[in-house]
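Chain by chain, the residues run as shown.
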Amino acid sequence: MSATPPVPPAVKKQLSVKAQRAAERERKLAEFKKREARAKRNRRIGIGSAIVGGVAVVGLIITAIVLTPQPVSYGAGGDGTVIEGVETFDNEAGHVEGAVEYAQTPPAGGEHNPAWLNCGVYEQPVPNENAVHSLEHGAIWVTYDPALSASELESLKKHLPSTYVVLSPFEGLPSPIVLSGWNTQLAVDDVDDTRIPAFFEEFWKSQNVPEPGAMCTGAFDAPGKVS
């Protein structure tokens, strides 16, 4: 039997180059597959994180809505319900410049500044003359003794609607809390007094004011306005 002829050097070199190229292709293919697998894994992690983050954001929004006190809603104008302790007056309206001496403390009507006080919550006393103009538009002015505790003040705020109300401290009140509408007033001792929401239901945005439906924004912000 004849011996196998030796492979020529040129052929050996050619086979070596092909093997190297094949090995290089295999290496690149393996790297490509690794990159693809890593990219898929990262995409899955990203999608999962986005879902978890979205759920967390929705949860925070729901929690904020649930835990944040919402303004109370009252019917505009009352039906003539008699509320125990409510006083009524016969103050005249009119625009004047300068300070005004009022018959009630706090004022519940009378001559007032041409600029109404923008409704909202104030941490400082507000000018009587501007606040009275807001009463003329149907707003309720809730005044409280500055000695009222923080927790009591928060409880008081829970009675407030979102518009047509002014809340401010007032020195020298006859009671810890006094609610004033145009020519109407109620003094109470307790922030949980059921007559507070009853007063709003009867006199808030009343039609029995000199300028019913007039704006309670767009005029004068007194110092200390927080909302």
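Up top is the structure.
What counts, and where the lines are drawn
Residues numbered from 1 in each chain as written. Predicted model: local features only at pLDDT ≥ 70, side-chain atom pairs only at ≥ 80, totals over all residues. Heavy atoms only, no water. Salt bridge = Lys/Arg side-chain N within 4 Å of Asp/Glu carboxyl O. Helix = DSSP H or I, 4+ residues; strand = E, 2+ residues; numbered from the N terminus. Buried < 20%, exposed > 50% of the residue type's maximum accessible area, 1.4 Å probe, protein only. Patch = residues over 30% accessible without salt bridge, like charges linked within 9 Å, V, L, I, M, F, W, Y side chains within 5 Å. Areas by Shrake-Rupley, 256 points an atom, 1.4 Å probe, with all protein chains shown as cover. Lys, Arg positive; Asp, Glu negative; His and termini not counted. Charge placed at Lys NZ, Arg CZ, Asp CG, Glu CD. Disulfide = S-S within 2.5 Å.

Visitor: Help me out: how do you make sense of the pattern of salt bridges in this one?
Guide: Between side chains of opposite charge, a pair can form as their charged atoms come close. As enumerated under the stated definition, the model contains 2 salt bridges in all. Among the salt bridges present, the one from lysine 157 reaches glutamate 154, with a minimum N-O distance of 3.4 Å. In this pair, lysine 157 and glutamate 154 are both assigned in helix α3 (residues 150-157), 3 residues apart and thus about one turn of the helix distant. Assessed through its relative accessible area of 31%, lysine 157 is described here as partly exposed. Glutamate 154 gets classed as partly exposed once you look at its relative accessible area, which sits at 44%. The residue arginine 195 makes a salt bridge to aspartate 193 at a minimum N-O spacing of 2.9 Å. When its relative accessible area of 23% is taken as the criterion, arginine 195 is described as partly exposed. Owing to a relative accessible area of 17%, aspartate 193 belongs among the buried residues under this scheme.

Visitor: Could you clarify how one ought to interpret a positive patch on the surface in this entry?
Guide: Together, Lys34, Arg35, Arg38, Lys40, Arg41, Arg43 and Arg44 make up a region of like positive charge exposed at the surface. Locating arginine 35 in the fold gives a position in helix α1 (residues 9-67).

Visitor: It is not clear to me how helix α2 (residues 128-136) should be interpreted in this structure. Could you clarify?
Guide: Owing to its 3.6 residues per turn, the α-helix aligns residues three or four sequence positions apart on the same side. Counting buried positions along α2 gives 8 out of 9 residues, so the element sits mostly inside the fold. Once α2 ends, the next one or two residues include glycine 138, with phi positive near 105°.

Visitor: In this structure, what is going on with a negative patch on the surface? I would like to understand it.
Guide: Together, Glu152, Asp189, Asp190 and Asp192 make up a region of like negative charge exposed at the surface. Summarising the element assignment, aspartate 189 is placed in the loop between β6 (184-188) and α4 (195-203).

Visitor: I would appreciate a short explanation of the state of the cysteines in the present structure.
Guide: Covalent bonding between the sulfur atoms of two cysteines defines a disulfide. Tallied over the full model, the rule gives 1 disulfide. Cysteine 119 shares a disulfide with cysteine 216; S-S distance 1.5 Å. One disulfide, between cysteine 119 and cysteine 216, carries an S-S torsion of 45° and so falls in the right-handed class. In this pair, cysteine 119 sits in the loop between β1 (87-88) and β2 (120-121) while cysteine 216 sits in the segment after α4, placing the two residues 97 residues apart along the sequence. Looking at cysteine 119, the relative accessible area reads 12%, which means it is buried. We classify cysteine 216 as buried; its relative accessible area is 4%.

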